[in-house]
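A structural walkthrough
Chain residues, written in single-letter form:
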Amino acid sequence: MRCYSVKRLLNRYVDKEIDETTKKFMEEHLKVCALCKKELEALLLMKHVISKKEKLEIDKNFISLLEKRLMEEKPDNETHYLTEMNYLAQRTAPVLLTLAVLVMIIIFAFYNDSQVMKDYMDNVFISKDIPVL
Amino acid sequence: MKSDFDLIEEITAGDAAAFRVLIEKHQKHVINVIYSMTGQVQDAHDIAQEVFIKVYKNLAYFKMKAKFSTWIYRIAINETYNYIKKEKKHGFIKESERQNIKTFENIESRETQELVNKAIEKLPYKYRVVLVLKEIEDLSYKQISETLNCRIGTVESRLFRARNILKKTLLPYYKEGC
Ligand SMILES: [Zn+2]
């Protein structure tokens, strides 16, 4: 392998994105070429320096703050799963269902009542003009 | 531990607790990626809030055949890009807030950290993204290419350029060979 090819593949080499055969060829070259070896060392050193980069401590209130914001958001489409609207709908659903059933019962009763009245009137009417058999 | 897919199904079925678990699982990565690209602690948290709100609102559109982490990284990168664009437009690039941050490293390495942070923040955005996903998040070239929706060759060449620029800043006395 020539310096040019090795240099080009050094990034892949340090990132372990290389197949075993190519790796072998590279390592053979690195054993004998001081310049390429120096390149590799520079790359590894840089990786090491970056790995020392601080890790940020996350604000402990991050999630509760997010949940609060999601609750406050106005629902603008049906993909809101936990919004107040949805919550309200879930809570009021049984009440609405009961109300609906009650209304049905009243209507049914009223309808039945009027049917009774109609039947009564029919009977009266029939009994008046047609002799009962 | 439940998989992301299981959690997403529970959330879309209306389970609020599942969303909390999903955030707990990904918040560290999301905030750290944004922080690595902006250098701003408070802004990184604020942008991450926007990211999770976007995630929440768009969960129904998330395609289960993709990896959730790829999707969330993509949203984080886009939100960070919008933030940087806005900051530039308003003409105020904030100085790093790092002086007040508690770190896990000792005081001696503070100077080195400061140098690394500044060097990364100065990289052009497209190089910075690839470098952060590789060096900070340790994603593979394939994962980075999926996240950014570009070819692996593009990831490779951007990483190569990013490292070349960094090398000049971080290792100024390290003479190049060949
Ligand atoms: Zn060589």
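Residues numbered from 1 in each chain as written. Chains lettered and ligands numbered in written order. Predicted model: local features only at pLDDT ≥ 70, side-chain atom pairs only at ≥ 80, totals over all residues. Heavy atoms only, no water.

1. Quick word on the coordination of the zinc ion
All names here are of chain A. Taken together, Cys3 (SG), His29 (NE2), Cys33 (SG) and Cys36 (SG) make up the full set of protein donors to the zinc ion, lying 2.2 to 2.3 Å away. Seen from the zinc ion, its four donor atoms lie at angles of 102 to 119°, and the figure they make is tetrahedral. Sequence spacing among the residues donating to the zinc ion works out to C-x25-H-x3-C-x2-C. Of this pair, Cys3 sits in helix 1 (residues 3-14) while Cys33 sits in the loop between helix 2 (20-32) and helix 3 (34-51), and the two are 30 residues apart along the sequence. (Donors = N, O, S within 2.8 Å, 3.2 Å for Na, K, Ca; no water. Tetrahedral: all angles 85-135°; square planar, octahedral: opposite > 155°, others 65-115°. Helix = DSSP H or I, 4+ residues; strand = E, 2+ residues; numbered from the N terminus.)

2. Regarding the domain arrangement of chain B
Residues and elements named next belong to chain B. Each assigned domain of chain B is listed with its residue range as follows: domain 1 (1-99) and domain 2 (102-178). Interface area, domain 1 with domain 2, both sides summed: about 1600 Å², of which 55% is carbon and sulfur. There are zero salt bridges connecting domain 1 and domain 2. Viewed at the interface, domain 2 and domain 1 are joined by seven residue pairs in polar contact (both at pLDDT 80 or more). With seven residues, the single largest contributor to the side of domain 1 that touches domain 2 is helix 4 (residues 68-89). Each residue belonging to the side of domain 1 that touches domain 2 can be placed in one class, and the counts come to six nonpolar, nine polar and four charged. (Domains from an automatic or database assignment. Buried area = accessible area lost by both parts, 1.4 Å probe. Salt bridge = Lys/Arg side-chain N within 4 Å of Asp/Glu carboxyl O. Polar contact = N/O pair within 3.5 Å; in protein donor to acceptor, adjacent residues only side chain to side chain. Nonpolar A, V, L, I, M, F, W, Y, C, P; charged D, E, K, R; others polar.)

3. Observations regarding the packing of helix 4 (residues 62-72) of chain A against helix 3 (residues 41-58) of chain B
Between helix 4 of chain A and helix 3 of chain B, the least distance of the axes is 10 Å, while the angle of their chain directions is 50°. Here helix 3 of chain B runs oblique to helix 4 of chain A, going by the angle between their axes. Every pair of crossing elements has a handedness; the one defined by helix 4 of chain A and helix 3 of chain B is right-handed. Where helix 4 of chain A abuts helix 3 of chain B, its residues Phe62(A), Leu65(A), Leu66(A), Arg69(A) and Leu70(A) lie against His45(B), Ala48(B), Gln49(B), Glu50(B), Phe52(B), Ile53(B) and Tyr56(B). Its residues placed into classes, the contact of helix 4 of chain A with helix 3 of chain B shows eight nonpolar, two polar and two charged. (Axes fitted to C-alpha atoms, helices over the stretch in contact; angles between N-to-C directions. Parallel < 35°, antiparallel > 145°, perpendicular 65-115°, else oblique. Left-handed = near helix turned anticlockwise from the far one by under 90°. Contact = heavy atoms within 4.5 Å.)

4. Quick notes on the packing of helix 4 of chain A against helix 2 (residues 16-38) of chain B
Contact geometry for helix 4 of chain A and helix 2 of chain B: axes closest at 10 Å, N-to-C directions at 120°. Compared by their axis directions, helix 4 of chain A and helix 2 of chain B come out oblique. Both helix 4 of chain A and helix 2 of chain B take part in a crossing whose hand is right-handed. Between helix 4 of chain A and helix 2 of chain B, the residues in contact are Phe62(A), Ile63(A), Ser64(A), Leu66(A), Glu67(A) and Leu70(A) and Phe19(B), Arg20(B), Ile23(B), Glu24(B), Gln27(B) and Ile31(B), respectively.

5. With respect to the pattern of salt bridges
Inspection of every chain in the model, using the stated rule, returns 17 salt bridges over all chains. In this structure, Glu135(B) engages Lys47(A) in a salt bridge whose closest nitrogen and oxygen atoms are separated by 3.2 Å. Within this pair, whereas Glu135(B) is found in helix 6 (residues 125-136), its partner Lys47(A) is found in helix 3, the two belonging to separate chains. The residues Glu135(B) and Lys47(A) share a single accessibility class, namely buried. Note that Arg69(A) is salt-bridged to Glu50(B), the shortest N-O span being 2.9 Å. One end of the pair, Arg69(A), is in helix 4; the other, Glu50(B), is in helix 3, on a second chain. On the basis of relative accessibility, which here comes to 28%, the residue Arg69(A) falls in the partly exposed class. Three or more residues are tied together by salt bridges with common partners; here these are Asp15(A), Lys47(A), Glu135(B) and Arg163(B). (Buried < 20%, exposed > 50% of the residue type's maximum accessible area, 1.4 Å probe, protein only.)

6. Points about the packing of aromatic side chains
Residue and element names in this part refer to chain B. Applying the stated criterion across every chain yields a total of seven aromatic pairs over all chains. Here Phe62 and Phe68 contribute two aromatic rings whose centre-to-centre distance is 5.6 Å and whose plane-to-plane angle is 85°, an arrangement assigned as edge-to-face. Accessibility classification places Phe62 together with Phe68 in one group, the buried group. Ring geometry for Tyr81 versus Tyr125: centroids 5.1 Å apart, planes at 45°, classification tilted. Here Tyr81 is found in helix 4, whereas its partner Tyr125 is found in helix 6, with 44 residues between them in sequence. Joined through ring pairs, the aromatic side chains of Phe5, Phe62, Phe68 and Trp71 make up one cluster. (Phe/Tyr/Trp six-rings, centres within 6.5 Å; stacked < 30°, edge-to-face > 60°.)

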